[in-house]
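Here is what each chain is made of, one letter per residue.
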Protein chains: 2
Amino acid sequence: MASERPTITTVAERAKVSRQTVSNVLNAPHRVQPETRARVHAAITELGYRPHRAARQLRTGRSNLIAMRMQPFSEDDAGSVLDRFVHAVAESGELLGFRTLVFTATDDDAEIANYTDLLDSYELDAFVLTGTHHRDRRTSWLRKEGVPFVTFGRPWGVRAKHWWVDVDGKTGTELATERLLDAGHRRIGFVGWPVGSGVGDDRRSGWENSLRAAGVDPSRLVAVGENSVADGYRCATELVTRRHVEALVCVSDTLALGALAMIRDRTSRGEPAVPVIGFDDSPGAAAMGLTTVAQPLREAAATCVRLLTDYLDHGTDEPTAQHQILLAPHLVIRSSG
Amino acid sequence: MASERPTITTVAERAKVSRQTVSNVLNAPHRVQPETRARVHAAITELGYRPHRAARQLRTGRSNLIAMRMQPFSEDDAGSVLDRFVHAVAESGELLGFRTLVFTATDDDAEIANYTDLLDSYELDAFVLTGTHHRDRRTSWLRKEGVPFVTFGRPWGVRAKHWWVDVDGKTGTELATERLLDAGHRRIGFVGWPVGSGVGDDRRSGWENSLRAAGVDPSRLVAVGENSVADGYRCATELVTRRHVEALVCVSDTLALGALAMIRDRTSRGEPAVPVIGFDDSPGAAAMGLTTVAQPLREAAATCVRLLTDYLDHGTDEPTAQHQILLAPHLVIRSSG
């Protein structure tokens, strides 16, 4: 078989073109007329000629493949936002010549098992991680193995030793809270996650800061729940009917959509509306008219890819401030608050 | 350089393990203790040993890579559903040893340009296509080039010459319409897309069939719009206030969420509720309590991957009925209808 392996020359002969034209079809297809390109592709297919990626990789030392996990299949909106982030990474990667491979995993260990298999099987250049959290085993594993990576999300609770991009959640909830303060509200409640999640605590701190700066004691204005519409409804009920809050800032759109459903049920009984602001600008937020804090997902993805390129070009320097980038979110104003 | 290329033997020496252990780490990592695995990975990293994928591919003749386009970055929910389909394909593919590469494209031509580049660069085994439509140039290109593929979506308006999986939209809207008929409604309106889209016409035909079977003339009970919440609101206004429909079936959740917003505005003014049923079971549907027709996305993805495996194993037979699979949707009952 080895002696019959097709070469660029046999492809050129079959397609009745020069070797340079075959090379152009492979490396600069835009330079070749579509008809010629189709003929060369037909010859390649017929002959089973397939040396391209290996040859390119030999030249550059890179596979130009990056990989990232897709979030678990879920009903809620948070998953949708990270799916859009995958799309944005694929798009940004393509502009710099990278392709993006996706995989699924149920936890850190399963994700690490995927790293091993992907590195062995496809010689990936790098990984993009999402969903960083306390005691994140993935980043320590990758550092130990010397595998390039960038995280979308800070390294929570440990000394920051890797390259990352994140969105400033604290600033986001400050923007939301200040909007409600400006509208004259004082008792502004927070629907959050239980203490201990990096992202959740960060977002909560912005609301807390803004209230304290305005001279309002935030200590009895919080209700927490899991990230579900039902818990949003329940938390809003508690804060509005028992704690008499005048407005709500929520740690996520999923909780905010539950809160908003509760407020709308209430207004349909003739009671006054209570403004609600969410976090994430998920698809459901637009449909529901939810005012929300939007993450700049495309900018975050482009920054991740740029950092990866820097990392691959300039090796494994310890990260400095320019490799740890916090992006600003912005408010998307709709009818809810 | 070539003579210094690391081998499985040099990796084994560096890691102080047998060659078999190195092979196990690469091909059956679960058989190897984590500590040993880490040592072998460290040796691989230090030596830059990277022959694995090429070797595997030489053995099997396959790259075990499939690719699919991610839908454009959009505000609406339809994109979310297809993102979840990408996740499901990745998950199903992993069970059969495939990895999934994603790419972005703005139209058919851009998607075809991606095929060319991906085939040249990564020696893909096959493609999964979504969003089939009339005059779909992608499928004719792939057939001409002899590239294996499966589509999630029928070949609309042409003789079916390829392998596909789809969900029966007509049955979906029949289920929705019959639910509303069973509840005693007769004048059931349809919020649709303009005539001419395969998916939209198929979904509309189910509603029309069910109404005719019940002796109701559907001809003046349709309003059409683009796939936006705003158009859903507008279509519902026209059908409810001017055509006096008693219930609404919608071609998509995006339109249904707009319709539902209109109905809720109306009930908040004391007018009676009008049931609304959507299509897709998107994230916003759960948040809004929208009754909707759900596509079995995981089953569709698993079927696509199974068909691809059959195709790769058994070559390029002309498709028969068992390669063209229509899956049944089901209703997800929530509060809206």
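For the structure itself, look to the data block above.
Please read all numbers here as calculations on a predicted model, not as lab measurements. (Residues numbered from 1 in each chain as written. Chains lettered and ligands numbered in written order. Predicted model: local features only at pLDDT ≥ 70, side-chain atom pairs only at ≥ 80, totals over all residues.)

Q: Help me get a handle on the sheet that holds strand β3 (residues 126-130) of chain B, residues and values and all.
A: Ordered by their spatial adjacency, twelve strands build an open sheet running β11(A)-β5(A)-β4(A)-β3(A)-β1(A)-β2(A)-β2(B)-β1(B)-β3(B)-β4(B)-β5(B)-β11(B), and the pairing between neighbours is mixed. Both edges of this open sheet fall to β11 (324-327) of chain A together with β11 (324-327) of chain B, since each of them pairs with a single strand only. Ignoring which end each strand starts from, the neighbouring axes of this sheet average 20° apart. Inspection of the sheet shows strand β5 (residues 164-167) of chain B paired to β11 of chain B by four bridges, in the parallel sense. The partner of V165 of chain B across the bridge, within β11 of chain B, is I325 of chain B. Sheet strands in contact with helix α6 (residues 108-122) of chain A are β1 (65-70), β2 (99-104) and β3 (126-130) of chain A together with β2 (99-104) of chain B, and its direction is about 140° off that of β2 of chain A. (Pairing = 2+ DSSP bridges. Helix = DSSP H or I, 4+ residues; strand = E, 2+ residues; numbered from the N terminus. Axes fitted to C-alpha atoms, helices over the stretch in contact; angles between N-to-C directions. Contact = placed C-beta atoms within 7 Å.)

Q: I'd love a proper account of the environment of G172 of chain A, names of residues and values included.
A: Relative to the assigned elements, G172 of chain A resides in helix α8 (residues 169-182). Not counting residues within four places of it along the chain, the set of residues in contact with G172 of chain A comprises R203, G206, F279, V293 and P329 of chain A.

Q: Pulling in residues and values, what's your account of the sheet that holds strand β12 (residues 330-332) of chain B?
A: Residue and element names in this part refer to chain B. Taken in spatial order, the six strands of this open sheet run β7-β6-β8-β9-β10-β12, and their pairing is mixed. Strand pairing shows two members of the sheet lacking a second neighbour, β7 (222-224) and β12, which therefore form its edges. Mean inter-strand twist for the sheet, computed between neighbouring axes without regard to direction, equals 20°. In this structure, strand β10 (residues 291-294) lies alongside β12, joined through three bridges in antiparallel fashion. In the strand pairing of β12, A294 is matched with H330.

Q: Give a detailed account of the pairing of strand β10 (residues 291-294) of chain A, specifying residues and quantitative values.
A: In the case of a regular strand, side chains alternate between the two sheet surfaces. Residue and element names in this part refer to chain A. One ladder, built from three bridges, connects strand β9 (residues 276-279) with β10; its direction is parallel. From the neighbouring strand, F279 faces β10, where its bridge partner is V293. Remark: the β9/helix α12 (residues 283-288)/β10 crossover connection has right-handed handedness. (Right-handed = clockwise from strand over helix to strand, strands pointing away.)

Q: How would you explain helix α10 (residues 229-242) of chain B if you had to name every residue and give the values?
A: The end-to-end C-alpha distance of α10 of chain B, which contains 14 residues, comes to 20 Å, matching closely the 20 Å that a straight helix rising 1.5 Å per residue would cover. Turning to α10 of chain B, its buried residues are V229, G232, Y233, C235, A236, L239 and V240 of chain B. For α10 of chain B, the elements touching its buried residues are α12 of chain A together with β6 (188-192), β7, β8 (247-250) and α11 (253-268) of chain B. One or two steps after α10 of chain B, the chain reaches H244 of chain B, where phi turns positive at roughly 55°. (Expected span 1.5 Å × (residues − 1). Buried ≥ 20, exposed ≤ 12 C-beta atoms within 10 Å, placed from the backbone.)

Q: Hey, could you go over the environment of T21 of chain A for me, with residue numbers and the actual values?
A: Locating T21 of chain A in the fold gives a position in helix α2 (residues 19-27). Excluding anything up to four places from it in sequence, T21 of chain A contacts V32, T36 and V40 of chain A.

Q: Describe the pairing of β5 of chain B, with residues and values.
A: Residues and elements named next belong to chain B. Neither face of β5 is open: one carries W164 and D166, the other V165 and V167, and all of them are buried. Sheet topology note: the strand β4 (residues 149-152)/β5 ladder contains two bridges and is parallel. Following the sheet pairing, T151 is matched in β5 by W164.

Q: Just give me the short version of helix α9 (residues 198-213) of chain A, but keep the residues and values in it.
A: All names here are of chain A. In a regular helix each residue adds 1.5 Å, so 16 residues correspond to 22 Å; α9 covers 23 Å between its end C-alpha atoms and thus fits that length. Looking only at α9, the buried set comprises V199, D201, D202, R203, R204, G206, W207, E208, S210 and L211. Where α9 is buried, its residues contact α8, β6 (188-192), β8 (247-250) and β9. One or two steps after α9, the chain reaches G215, where phi turns positive at roughly 80°.

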